[in-house]
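Coordinate analysis (summary)
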Amino acid sequence: MAKFVFVTGGVVSALGKGIASASLGNLLKARGLKVILQKFDPYLNVDPGTMSPFQHGEVFVLEDGAECDLDLGHYERFTDTNLAQINNLTSGRVYETILAKERKGEYLGRTVQVIPHVTDEIKRRIMLPVKDNPDVDVVITEIGGTVGDIESLPFLEAIRQFRLEHPLEDTVSVHLTLVPYIAAAGEMKTKPTQHSVRELRSIGIQPDFLFCRTDHHLGEDARRKIGLFCNLPVEHVFDGKDVTSIYEVPLNLHEQNFDRLICERLRLETPEPDLGPWRKMVGMILHPPETVKVAIVGKYIELRDAYKSIIEAFIHAGIPNRVGVEKVWIDSESLEGEDVGDRRLEEIFGGIHGILVPGGFGDRGIPGKVKAIRYARENGVPFFGICLGLQCAMIEIGRDLAGLEKAGSSEFEPATPHPVIHLMEMQKGIANLGGTMRLGAYPCSLREGSLAHQCYGLAEISERHRHRYEVNNEYRERFEAAGLVFSGTSPDDRLVEIIELPGHPFFLAVQFHPELKSRPGAPHPLFRAFVAAAIQHQEKSGPGGEVSAAG
Ligand code: GLN
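Every chain begins its residue count from 1, and numbering advances along the sequence as written. Local features in a predicted model are, by the rule used here, given only for residues with pLDDT of at least 70; side-chain atom pairs are given and counted only at 80 or more, and totals for whole chains, interfaces and linings are based on all residues. Neither water nor hydrogens contribute to the side-chain values; these are computed over all heavy atoms in the structure.

Turning our attention to unusual backbone geometry. With an omega of 15°, the peptide bond running from isoleucine 115 to proline 116 counts as cis. Inspection of the secondary structure assignment puts proline 116 in helix 5 (residues 114–132). Despite not being glycine, asparagine 257 shows a phi value in the positive range, around 65°. Secondary structure counts use DSSP, requiring at least four H or I residues in a row for a helix and at least two E residues in a row for a strand, with both numbered from the N terminus. Secondary-structure assignment places asparagine 257 in the loop between helix 9 (249–255) and helix 10 (258–265). Between buried and exposed lies partly exposed: a residue is buried under 20% and exposed over 50% of the maximum accessible area for its type, with that area taken using a 1.4 Å probe on protein chains only. A residue is classified by how much of its surface remains accessible, and asparagine 257, at 32% relative accessible area, is partly exposed. The backbone of cysteine 387 shows a phi angle near 55°, a positive value even though the residue is not glycine. Structurally, cysteine 387 is set in the loop between strand 15 (383–386) and helix 15 (388–400). Exposure remark for cysteine 387: the relative accessible area of 6% places this residue in the buried category.

Below, the structure is given as structure tokens:
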């Protein structure tokens, strides 16, 4: 019989529930347990795929093509486990399921209600990972939002019922709160935590563990006070002080015996985990001997969450390269003005050792991305393009090397005379926007001897996708004649997956999203190679080449 951990949050949002859940998953896995994490989000979208990155941050894509909350990315990275569509539920999907059943008449004339129908569906979904996998030991379910929100209520009610229906030692509730430090009083305030726990208890859930986020250490006195008011032994109140790297969180929790106490409470007998390798990895992340600077030229840069997995992939890639990757964020639109000529570009990119153009949608910022790619190509700066980044590289090369002055993408220039990027055949005629892109893992064959082949060391790979547009095959010969190599394609050769320019130190772009598969213990080969190329570029350009980066 599996055990169930529920993680909720109170006081404010953005407390790092996802990282806390992922860290617990990491520790339980290190204790030899098979752990599945899942996220239940109370909003009404069926999935976050239709939401703007400005609203919701990155959409994380799983192997099976599920478009998910970015916390699923943390879960996969911290537990080195591939998750699936069933591991991300939203209120929208709950209602979609129930309404479809209602239309089929499956409720046999009964009135369909939040209790019991919505809560029953949520309870079914809590159990679903176990139904498919009898060897799962622990399911950790994180509830999005904040306790007290109207829309979270059915989820909390379902958890209350679930706990009632299962033996005490089979479920555990972990609640995250904020303990603010009031500088004027020089004091930490426990009241918001007390109120949040009171709110949770009024719904019928007594938390078993409290994880208190603070920017100061939570002293013994504060923990005792919180324990007393919240009906918990002091050792069940944890200090979640801010950390430099999210990868420190499992270590901090372990130092406070979090994993041991959870296992005791769930009556799971497990050995002490060996966190040595993780500790060593965190040491390299915190104290890299060197740093390199990489520019990220995108349009969602005000919201770093929009590029979460890319940020993490750079952290991972720095580990084997023994560097910290400093990211310089450049709004692609800021490169577009007439006044941004060669000199200005030199000022902006002069001290940069690599340029990454990430994915995106729509026409805003495209000319700036094309300009950045041209700069990288002409100046031998390592360039890595992802999805839209590949499409922009095709436009740049089309215009400058393949003699197609008006090369464009039909996504943002429907009337372009040279649509070097166009809608995929399978996308034509699709009207609905939700869940209809080319999504999830697809195989890709690599050309012998190419840079891509060298990086992966494999002839066939599999990567995750999220796009509607593709390289137009009609122009392939023309690009090849101009020197471009199509080094990765779908096994039937119909879809271009990777392009590269031989003769350049590192000029490679991919149609898929490699950042989604990078893990701290297994950095993605392309990010790893790109960072290595950035180090080489830095060594070549020497300290004299260091011009301060602007953006
Ligand atoms: N907008 C482009 C497409 O749909 C690229 C998508 C992306 O970068 N994820 O093909």
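Read on for the rest.
The pairing test for Phe, Tyr and Trp rings, Trp by its six-membered ring, is centres within 6.5 Å, and the orientation test on the planes gives stacked under 30 degrees, edge-to-face over 60, and tilted for anything in between. The final tally for this structure, using the stated rule, is 21 aromatic pairs. Within the aromatic cluster, the residues linked to one another by ring pairs are Phe314, Phe384, Phe506, Phe527 and Phe530. Both a distance and an angle decide whether a charge sits over a ring: NZ of Lys or CZ of Arg must be within 6 Å of the ring centre and within 35 degrees of the ring normal. Positioned above the aromatic ring of tyrosine 442, the side-chain terminus of arginine 438 is 4.4 Å from the ring centre.

Time to look at the site of the ligand. Near the ligand, the surroundings consist of Gly359, Gly360, Phe361, Cys387, Leu388, Gln391, Glu411, Arg466, His467, Arg468, Tyr469 and His513. Contacts to the ligand include glutamine 391, whose side-chain N or O atom sits 3.1 Å from an oxygen atom. Here the accessible surface of atoms and residues is derived via Shrake-Rupley with a 1.4 Å probe, and residues count as covered only by protein chains that are part of the display. Alone, the ligand offers 300 Å² of accessible surface; in the complex the protein occludes 98% of this. Detection works on a 1 Å grid of protein atoms alone, calling trapped sets that fit a 1.4 Å probe cavities and calling open sets with protein on both sides within 12 Å along at least five of seven lines pockets, with lining residues defined by an atom within 4 Å of a point. Put plainly, a molecule is in a cavity or pocket when over half of its atoms are within 2 Å of the grid points there. In this structure, the ligand is accommodated by the second largest pocket. Only helix 15 and strand 19 (460–467) provide two or more residues apiece to the shell around the ligand. Of the residues that constitute the shell around the ligand, the class distribution is four nonpolar, five polar and three charged. Put simply, a residue is near a molecule or strand once any heavy atom of it comes within 4 Å of that molecule or strand. What qualifies as a polar contact is a pair of N or O atoms within 3.5 Å, subject to a donor-acceptor requirement within protein and to the restriction that residues adjacent in sequence count only when both atoms come from side chains. Classification convention: Asp, Glu, Lys, Arg as charged; Ala, Val, Leu, Ile, Met, Phe, Trp, Tyr, Cys, Pro as nonpolar; all other residues, Gly among them, as polar.

As summarised here, the arrangement of the three strands in space is 16-17-20, forming an open sheet in which the pairing is mixed. This sheet does not close on itself; its edge strands, each paired only once, are strand 16 (407–409) and strand 20 (469–471). The average angle at which neighbouring strand axes cross in this sheet is 30°, direction not considered. We call two strands paired when DSSP finds no fewer than two bridges between them. Of the strand pairs in this sheet, strand 16 and strand 17 (residues 418–423) are connected by three bridges, and their pairing is parallel. Among the inter-strand pairings, glycine 408 is bridged to a residue of strand 17, identified as proline 419. Whether two residues are in contact is decided by their heavy atoms, any of which lying within 4.5 Å being enough. To obtain each axis, a line is fitted to C-alpha atoms, and for helices this fit is confined to the stretch in contact; angles are then taken between N-to-C directions over 0 to 180 degrees. Sheet strands in contact with helix 15 are strand 16, strand 17 and strand 20, and its direction is about 160° off that of strand 16.

Here a salt bridge means any side-chain nitrogen of Lys or Arg lying within 4 Å of a carboxyl oxygen belonging to Asp or Glu. Taken as a whole and judged by the stated rule, the model has 39 salt bridges. Through salt bridges with shared partners, a single network forms among Lys39, Asp41, Asp69, Asp71 and Glu142.

Residues Phe507 and Ala509 line one face of strand 23 (residues 507–510) and the alternating positions Leu508 and Val510 line the opposite face, and both faces are buried. Of the strand pairs in this sheet, strand 15 and strand 23 are connected by four bridges, and their pairing is parallel. If you follow phenylalanine 384 over to strand 23, its bridge partner there is leucine 508. Of the pairings in the sheet, the one linking strand 22 (residues 496–500) to strand 23 comprises three bridges and is antiparallel in character.

The next subject is the confidence of the model for the chain. Summary of the metric used: pLDDT quantifies the predictor's per-residue confidence within the range 0 to 100. Across the chain, the average pLDDT comes to 93, with 98% of residues at 70 or higher. Contacts from residues 544–551, a stretch scored under 50 in pLDDT, to residues over four places away or in other chains number 20 contacts.

Take empty space enclosed by the protein next. Grid points are joined across faces, edges and corners, and a volume is the space filled by probe spheres set on the points. Tallied over the full model, the rule gives one cavity of 30 Å³ or more. Estimates place the volume of the largest cavity at around 50 Å³. Forming the boundary of the largest cavity are Val7, Ala20, Ser21, Leu24, Val174, Leu176, Phe211, Leu253 and Phe258. If you list the elements that add at least two residues to the lining of the largest cavity, you get helix 1 (17–30) and strand 7 (171–178). Looking at which element gives the most residues to the lining of the largest cavity, the answer is helix 1, with three residues. When the residues that make up the lining of the largest cavity are grouped by side-chain class, the tally is eight nonpolar, one polar and no charged.

As for its placement among the helices and strands, lysine 299 is situated in the loop between strand 12 (290–298) and helix 12 (308–321). By the counting rule applied here, Lys and Arg register as positive and Asp and Glu as negative, while His and the ends of each chain are not counted. Among buried Asp, Glu, Lys and Arg side chains, lysine 299 stands out as unpaired, with aspartate 363 the closest opposite charge at 6.0 Å. A distance of 2.5 Å separates the side chain of lysine 299 from the backbone oxygen of phenylalanine 361, its partner in a polar contact. Those residues within four positions of lysine 299 in sequence are excluded, and the remaining contacts are Phe54, Tyr307, Asp331, Ser332, Phe361, Gly362, Arg364 and Lys369.

Its boundaries defined by the atoms lining it, the largest pocket holds a volume of some 1,000 Å³. Along the wall of the largest pocket there are 47 residues; nearest its centre are Ala14, Leu15, Gly16, Lys17 and Asp71. Elements with a contribution of two residues or more to the lining of the largest pocket: helix 1, strand 2 (35–41), helix 2 (53–56), helix 3 (71–79), strand 10 (209–214), strand 11 (237–241) and helix 9. Here the lining of the largest pocket takes four residues from helix 1, the largest share from any one element. Per-class residue counts for the lining of the largest pocket are 15 nonpolar, 18 polar and 14 charged. Considering only enclosed or pocket space, the second largest pocket measures out at about 660 Å³ in volume.

Before going further, it helps to spend a moment on the packing of helix 12 against helix 18 (residues 525–541). Their axes nearest at 8 Å, the elements helix 12 and helix 18 cross at an angle of 65°. In terms of crossing hand, the pair formed by helix 12 and helix 18 is right-handed. Of helix 18, the residues touching helix 12 (which contributes Ile310, Ala313, Phe314, Ala317, Pro320 and Asn321) are Phe527, Arg528, Phe530, Val531, Ala532 and Ile535. Broken down by class, the residue content of the contact of helix 12 with helix 18 amounts to ten nonpolar, one polar and one charged. Crossing handedness: left-handed means the near helix sits turned counterclockwise from the far one by under a right angle, and right-handed means the same turn made clockwise.

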